[in-house]
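# Structural overview
Residue-level listing of the chains:
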Amino acid sequence: MNQQLKSALKRLRLSGLLSSLEVRLQEAQGNQLSHLEFLELIVNDEIALREDRAIGRRLKAAGFREMKTIEDFDFSFNPSIKRREIMELATCRFIREQRDILFTGPPGVGKSHLAQALGHQAAKMGHLVLYRSIFDTVSELNQAEVLNENEKVMRRYLRPDLLIIDDMGLKRLPKQSGEYLFEIIMRRYALRSTIMTSNRPLEEWGKLVGDVPTATAILDRFLSRADIIQITGKSYRLKDKTAAAGRTQQRKGNDHREE
């Protein structure tokens with residue numbers, strides 16, 4: 001490939017085509033591909049690279065705490081989680097239908113993993129995603145009010161096709177948290193999808209936000225279009241630690257017997 005062609009491809013920002021062109025030329029010669037077949041190959045290479053980069057940008061913009069996927073979730077550990085139900089959600093039809101999801105259950109059973117995994121899948125399928133813990137959300141909106149940037153920050157929460165608000169119920173929230181959350185839910189209602197996770201019963205949300213009427217309004221609006229997925233059972237998060245502790249104890253026992 002001559003330098004003039006390389007320069008032209010760079011000017012056109014066809015880096016995917018440029019990176020594979022030498023290999024595709026050899027492939028075309030070896031398999032006697034037609035001009036049209038060769039052109040289709042190199043164009044598809046460019047499209048693939050651009051799609052990969054777009055997915056990378058969406059995943060980075062989402063701000064996930066951990067890069068979780070559906071594939072690395074251990075469904076066998078917790079029979080209360082219906083694999084078919086989660087895989088249906090992974091099609092992202094709920095986003096196209098502007099429906100919401102609420103994962104509830106005790107800490108460690110996989111709520112955050114599944115919420116982020118669905119967000120990861122949504123980003124791969126071309127949807128704009130934003131992940132935040134409830135504490136980050138409240139902190140950002142509280143700071144925005146101090147700086148008089150409420151609407152600017154609120155737009156960040158209203159724009160994504162999928163908003164994930166994690167960790168509801170870990171501890172009581174600061175004053176005005178309920179008002180912030182209600183505004184987000186109200187303005188996204190029937191327009192964009194939201195996933196929330198909570199480890200506390202819904203009847204305790206009033207205590208969490210310090211405002212029972214506001215909590216009731218939040219739940220009334222949110223649950224009207226939400227699929228509620230209740231997860232029970234042992235801690236998914238601690239299973240590996242428990243297994244590691246067991247292996248350590250076994251090694252100590254073996255060392256003791258050898259002595």
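As shown above, the structure is provided for reference.
By convention here, each chain's residues receive numbers from 1 onward along its written sequence. Local features in a predicted model are, by the rule used here, given only for residues with pLDDT of at least 70; side-chain atom pairs are given and counted only at 80 or more, and totals for whole chains, interfaces and linings are based on all residues. Where side-chain values are given, they derive from all heavy atoms of the structure, hydrogens and water being excluded.

## Describing helix α9 (residues 177–188)
Rules: Helix and strand labels come from DSSP, where a helix needs a run of H or I of at least four residues and a strand needs a run of E of at least two; each type is numbered from the N terminus. Expected helix span is given by 1.5 Å per residue-to-residue step, counting one fewer step than there are residues. Residue contacts are defined here by distance: any two heavy atoms, one from each residue, within 4.5 Å place the two residues in contact.
Compared with the 16 Å implied by 1.5 Å per residue over 12 residues, the 17 Å span of α9 between its first and last C-alpha is a close match. Taken together, the buried residues of α9 touch α7 (134–146), α8 (150–158), β3 (162–168), β4 (193–198), α10 (205–209) and α11 (212–223). Phi for A190, located one or two positions after α9, is positive at around 65 degrees.

## Concerning the sheet that holds β4
What counts here: Should DSSP find at least two bridges between two strands, the strands are regarded as paired. Think of each axis as a best-fit line through the C-alpha atoms, taken over the contacting stretch in the case of a helix, with angles from 0 to 180 degrees between the N-to-C directions.
Ordered by their spatial adjacency, 5 strands build an open sheet running β2-β3-β4-β1-β5, and the pairing between neighbours is parallel. Two strands close off the open sheet at either side, each with one partner strand: β2 (129–133) and β5 (226–230). Within this sheet the neighbouring strands show an average axis-to-axis angle of 15 degrees, counted without direction. Both strand β1 (residues 100–104) and β4 contribute to a ladder of 4 bridges, which runs parallel. Along β4, the bridge assignment pairs L102 with M196. Across the sheet, α7 lies against β2 and β3, angled at about 95 degrees from β2, the strand it touches most.

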